[in-house]
Amino acid sequence: MKKQKNARKSKTFSTYQKTSFSTEVKKTAKLSKQGLDIFFKAENIALIGASHELNKIGNVLFKNLIGSKTVFPVNPNVEVIMNRHSFKSVLEIEEKIDLAIIAVKAEFVPDVVEQCGKKKIKAVLIISSGFSETGNEKLNNKLKNVLDKYNIKCIGPNCLGIYDSYSELDAIFLTQQRLKRPEQGKIAFLSQSGALGGALLGNMADKKIGISKFISYGNAINLNECDFLEYLGNDAETKVICFYVEQIKDGKRFIEVAKKISKEKPLIILKGGMTEQGNKATLSHTGSLAGDARVYSGVFKQVNAIQVENMEDLFSVASLFDKFSDFKEKIKGKRIQVITNGGGYGIVCSDNIAKSNLELSELAPTTKTKIKKFMPAFANIGNPLDLMGDVTNERYKLALEACLDDTNIDLILLVVLYQTPLINGDIVEIISQAQKLRKKPIIVVMNNNKYEESIQESLEEKEVACFEFPEDAIRAIEKFLK
Amino acid sequence: MGSKEVKLENLVLTEFKAKELLKKGFSVVKDVLFDEKQVKKILSDKNFSGFNFPVVLKISSDFIVHKTEVGAIKIAYTQEDFFKTLEEFSKKITKFKARGILVEEFVKGQEIIIGLKKDKTFGHVIGLGLGGIFVETIKDISFRACPLESVDFDSMLNDLKMKDLILGIRGKKNNVAELKKTVLEISKLALKNSKLLELDINPLILNEKDCKIVDARIVMEK
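Quick summary incoming for the structure in this document.

Parameters at a glance
Residues numbered from 1 in each chain as written. Chains lettered and ligands numbered in written order. Predicted model: local features only at pLDDT ≥ 70, side-chain atom pairs only at ≥ 80, totals over all residues. Heavy atoms only, no water. Helix = DSSP H or I, 4+ residues; strand = E, 2+ residues; numbered from the N terminus. Rg over C-alpha atoms; globule rule 2.2 N^0.38 Å. Buried < 20%, exposed > 50% of the residue type's maximum accessible area, 1.4 Å probe, protein only. Contact = heavy atoms within 4.5 Å. Areas by Shrake-Rupley, 256 points an atom, 1.4 Å probe, with all protein chains shown as cover. Lys, Arg positive; Asp, Glu negative; His and termini not counted. Charge placed at Lys NZ, Arg CZ, Asp CG, Glu CD. Core = buried A, V, L, I, M, F, W, Y, C linked by side-chain atoms within 4.5 Å. Buried area = accessible area lost by both parts, 1.4 Å probe. Salt bridge = Lys/Arg side-chain N within 4 Å of Asp/Glu carboxyl O. Polar contact = N/O pair within 3.5 Å; in protein donor to acceptor, adjacent residues only side chain to side chain. Expected span 1.5 Å × (residues − 1).

As a further point, take the overall build of chain A. When helices and strands are counted, chain A shows 17 helices and 20 strands. Its C-alpha atoms give chain A a radius of gyration of 26 Å, within 12% of the compact-globule value 23 Å for 482 residues. When its C-alpha atoms are laid out on the principal axes, chain A stretches across 85 × 65 × 35 Å. A buried classification covers 60% of the 482 residues belonging to chain A. In chain A, the share of contacts with a sequence separation of at least 24, taken over all contacts with a separation of at least 6, comes to 73%. Of the roughly 20,200 Å² of accessible surface on chain A, 51% is carried by carbon and sulfur atoms. Averaged over its 69 positive side-chain charges, chain A has a centre that lies 3 Å from the centre of its 59 negative ones.

As structure tokens, this is what we get:
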């Protein structure tokens with residue numbers, strides 16, 4: 001999973017030395033079925049608005065891209081950018097260009113896109129802002145007309161960029177130092193908002209949640225959410241799709257596309273702007289009650305998407321689908337067994353389960369007999385199963401084994417309070433081994449204080465799902481088992 | 001809301017016209033409209049038949065949006081009640097620029113709202129929820145986009161906190177199959193009428209036997 005990072009490092013400058021001035025025709029992206037591969041699998045990239053000035057967007061993008069792609073910097077005002085010849089315009093470049101990334105002032109964008117059209121570039125990613133989002137409809141229309149004239153596919157404008165962990169395309173305008181990129185994985189993240197997209201990418205990196213593709217699509221001037229969802233739906237590198245949206249552009253097509261995708265891949269959606277304003281001027285009750293929140297929520301259900309209520313849930317739910325996709329079909333019920341080494345945590349867990357649409361499982365008599373053998377005589381064997389403060393690694397192991405074999409249980413919520421004295425770091429291996437048996441999903445709740453942080457990290461390295469608070473875990477499980 | 005809010009940009013069909021339209025494809029409560037002249041005759045002859053009591057009397061005017069609020073709807077339980085209310089309402093005909101007095105059969109059951117709205121993003125959407133006073137108080141309503149399928153009705157019903165009231169409580173089983181049919185028919189109606197902006201069926205009365213439209217309002221694009 002992590003080889004990608006190292007690969008990137010080793011490639012950085014040597015790649016550039018080798019390829020930038022070579023005239024050899026590099027393999028270009030396939031234009032066939034997978035339409036948007038022209039963006040994500042692009043090899044020859046023109047960066048229009050490349051800059052030698054440190055921390056300018058055109059400079060950050062340049063540095064992020066040259067690690068793995070052949071980049072042609074375009075900037076008419078300078079001769080050299082980071083030791084490389086800067087082209088006056090894309091028309092000066094001899095090689096075929098797969099993708100142009102544009103980070104110039106908004107007013108210049110239509111003209112440079114015109115040049116891209118003449119250069120027969122079929123895909124442009126426009127980072128620049130200052131179009132319809134600021135009310136500049138005139139410039140917006142001008143850009144739209146140029147894109148239409150040359151039949152150019154466009155992501156943006158006004159976006160953070162795109163990222164592909166498989167092709168190693170890093171076209172995000174934030175530095176890799178300030179925004180750590182997530183590892184390679186199977187979760188795609190589509191975001192209308194750039195800021196929120198960036199923030200969540202950072203969180204995913206921290207939580208070791210792997211990503212396949214990231215798309216910040218901004219104003220969606222020609223490619224909109226439906227094009228991206230359709231593409232991700234067909235993308236072999238994507239298993240789970242996360243989507244942050246404020247306003248869907250093409251509602252009818254969204255319904256059609258989302259219905260199709262959700263049959264194969266979980267589609268998890270966070271809708272921003274859910275205030276229940278409704279249209280006050282309307283004459284009917286329906287009109288005033290049919291605000292965005294109710295209508296969107298209804299449509300999301302209709303297309304079998306999973307709607308979450310906050311940023312954290314977007315990825316915790318996605319991560320459960322990612323980690324346990326092989327279980328999904330096997331799980332028939334919603335019966336949760338809580339195993340804990342702290343009574344209070346057990347109670348909070350069962351309270352939250354009771355409030356949810358999940359159920360507390362009832363241990364089978366044979367399981368109870370097994371557990372009684374290794375528990376103190378006075379222990380209460382039930383749900384929550386309290387392994388008590390003197391719990392050892394061994395007791396956790398035996399309890400897990402017994403519960404994994406119990407057909408009355410669909411999923412195990414395992415509370416591990418690492419402060420109790422008789423457990424140690426080997427617990428990571430015990431949990432990881434139990435999970436490898438693939439009998440039932442095991443979800444860990446673990447306090448996130450300094451002392452426990454390293455244990456949690458080790459668990460996450462082994463792809464064990466970890467939560468800090470029971471309520472967050474249970475909310476995610478509820479969405480996962482829906 | 002009053003007559004001032006009834007803007008001219010769109011065509012608003014209030015109860016009488018809306019129900020006349022809906023009668024063509026839906027089950028609407030039995031009703032009869034008496035114009036001012038007919039009302040006077042009934043009052044002078046003291047002669048009214050064709051309905052079992054109780055009956056509902058409504059002042060039928062395009063300028064009344066909420067009948068309860070202006071005292072334009074009453075239930076009459078007896079003949080005596082009926083003539084009294086009819087007399088009272090007849091005096092308000094001019095004030096409300098009413099077309100007459102509407103007399104309807106009284107159907108007992110659960111009040112439900114079925115709403116339709118042309119949403120700017122998804123096109124026609126249908127809402128289902130508890131009707132009558134519950135619409136504004138608990139706002140228990142769920143939406144789906146048209147065209148609706150049978151499973152969509154099931155899942156939107158399942159969304160409602162008060163779904164048991166619709167299904168029927170205390171041993172009663174409401175005619176939910178008929179409600180489903182009605183909702184799916186509304187969805188078809190929307191597909192055929194792109195100019196339909198809003199439709200409120202509120203209330204629709206559902207009981208063990210019937211599923212009948214009692215009041216409705218339609219907003220059409222001109």
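We now examine the environment of Phe469 of chain A. On the secondary structure map, Phe469 of chain A appears in the loop between β20 (465-467) and α17 (470-480). With 22 residues separating them along the chain, Phe469 of chain A and Asn447 of chain A place their C-alpha atoms 7.2 Å apart.

Moving on to the nonpolar core. If you look at the biggest cluster of nonpolar residues, it comprises 63 residues, and the most contacted ones within it are Phe39, Ile101 and Phe254 of chain A together with Phe122 of chain B. Leu320, Ile336, Ala465 and Ile474 of chain A belong to the second largest nonpolar core, which has 48 residues in total.

Turning our eyes to something else, we now look at the interface of chain A and chain B. Each partner contributes to the interface: chain A provides 23 residues, whereas chain B provides 33 residues. Both sides together, the interface formed by chain A and chain B hides about 2,400 Å², and carbon and sulfur atoms give 60% of it. The interface formed by chain A and chain B holds three salt bridges in total. Viewed at the interface, chain B and chain A are joined by six residue pairs in polar contact (both at pLDDT 80 or more).

Residues and elements named next belong to chain A. Over its 13 residues, helix α11 (residues 311-323) runs 19 Å from end to end, which matches the ideal 18 Å to within 8%, given 1.5 Å per residue. With respect to burial, α11 is a largely interior element, eleven of its 13 residues being buried. When we look at burial in α11, the residues that qualify are Asp313, Leu314, Phe315, Ser316, Val317, Ala318, Ser319, Leu320, Phe321, Asp322 and Lys323. A distance of 3.3 Å separates the backbone nitrogen of Glu312 from a side-chain oxygen at the start of α11, and that oxygen is part of Asn310.

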